[in-house]
Amino acid sequence: MKRLSFCIGINKYPKKVENLKGCVNDANDWHNLLTDKFNFQAINSGPLLNSAATKTKILEGLQVMLERLNVGDLGVFFFSGHGLSIYLDMPDDDYYDEAIYTADEKSIVDDDLRKLLNTYKTKAKLIFIFDCCYSGTLIDPVEFNN
């Protein structure tokens, strides 16, 4: 069984929001726990931290993990940083999209994650850990197009 991990931590944001403390430490700790103790292979050589954690890099890393997983494999995605709730002018169950806020001040909304996961074709297991505000419904229980 293959075990893959992808850990992200953002303490420093350029302008619009306050910087955080501990997110980089959390991403490093999760990366070390998964790779050293549980023999996971990291998607990158280490966690994606601060300014490197752009929307493009996060989505690319998640896509790489999904592409490498096969039946019976396990993938872990960990994010520690700011989370958002974005009001919509149209119904989306509750009129809000939940999102993670990237280092380049862009959002990855729950719909972006759902769209990416719906391209996921294997029967591997995925664990998502979000250490951020508004994380409760970032990954709603959904039936993936397997």
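Look above for the structure.
Residues numbered from 1 in each chain as written. Predicted model: local features only at pLDDT ≥ 70, side-chain atom pairs only at ≥ 80, totals over all residues. Heavy atoms only, no water.

Caption draft 1: Expanded view of a nonpolar patch on the surface. Residues Trp 30, Leu 33 and Phe 38 make up a contiguous nonpolar surface patch of roughly 240 Å² in combined accessible area. As for its position among the elements, Phe 38 is in the loop between α1 (23-37) and β2 (41-42). (Patch = residues over 30% accessible without salt bridge, like charges linked within 9 Å, V, L, I, M, F, W, Y side chains within 5 Å. Areas by Shrake-Rupley, 256 points an atom, 1.4 Å probe, with all protein chains shown as cover. Salt bridge = Lys/Arg side-chain N within 4 Å of Asp/Glu carboxyl O. Helix = DSSP H or I, 4+ residues; strand = E, 2+ residues; numbered from the N terminus.)

Caption draft 2: Structural context of the environment of Phe 79. With respect to the helices, strands and loops of the structure, Phe 79 is situated in strand β4 (residues 74-80). The exposure class of Phe 79 is buried, given its relative accessible area of 0%. For the pair Phe 79 and Phe 6, spaced 73 residues apart in sequence, the C-alpha to C-alpha distance is 8.6 Å. With near-sequence residues (within four places) excluded, Phe 79 lies in contact with Ile 8, Ile 10, Tyr 13, Ile 100, Tyr 101, Ile 129, Phe 130, Asp 131 and Cys 132. (Buried < 20%, exposed > 50% of the residue type's maximum accessible area, 1.4 Å probe, protein only. Contact = heavy atoms within 4.5 Å.)

Caption draft 3: Summary view of the sheet that holds strand β6 (residues 96-101). If you trace the 3 strands from one edge of the open sheet to the other, you get β5-β6-β7, paired in antiparallel fashion. This sheet does not close on itself; its edge strands, each paired only once, are β5 (83-87) and β7 (107-109). Put simply, the sheet's adjacent strands are angled 40° from each other on average, direction ignored. The pairing of β6 with β7 spans 3 bridges and is antiparallel. Among the inter-strand pairings, Ala 99 is bridged to a residue of β7, identified as Val 109. Lying on the sheet, helix α3 (residues 110-117) is in contact with β6 and β7; it crosses β7 at an angle near 60°. (Pairing = 2+ DSSP bridges. Axes fitted to C-alpha atoms, helices over the stretch in contact; angles between N-to-C directions.)

Caption draft 4: Geometry of the pattern of salt bridges. Under the criterion given, the structure shown has 3 salt bridges. In this structure, Arg 114 engages Asp 111 in a salt bridge whose closest nitrogen and oxygen atoms are separated by 3.0 Å. With Arg 114 and Asp 111 both in helix α3 and 3 residues apart, this pair spans about one turn of that helix. We classify Arg 114 as partly exposed; its relative accessible area is 23%.

Caption draft 5: Geometry of the environment of Lys 2. As for its placement among the helices and strands, Lys 2 is situated in the segment before β1 (3-9). In the structure, Lys 2 is positioned 73 residues away from Gly 75 in sequence and 8.3 Å away in space, judged by C-alpha atoms. The contacts of Lys 2, once residues within four sequence positions are left out, are Arg 68, Asn 70, Asp 73 and Leu 74. At 2.6 Å, the side chain of Lys 2 and the backbone oxygen of Arg 68 are in polar contact. (Polar contact = N/O pair within 3.5 Å; in protein donor to acceptor, adjacent residues only side chain to side chain.)

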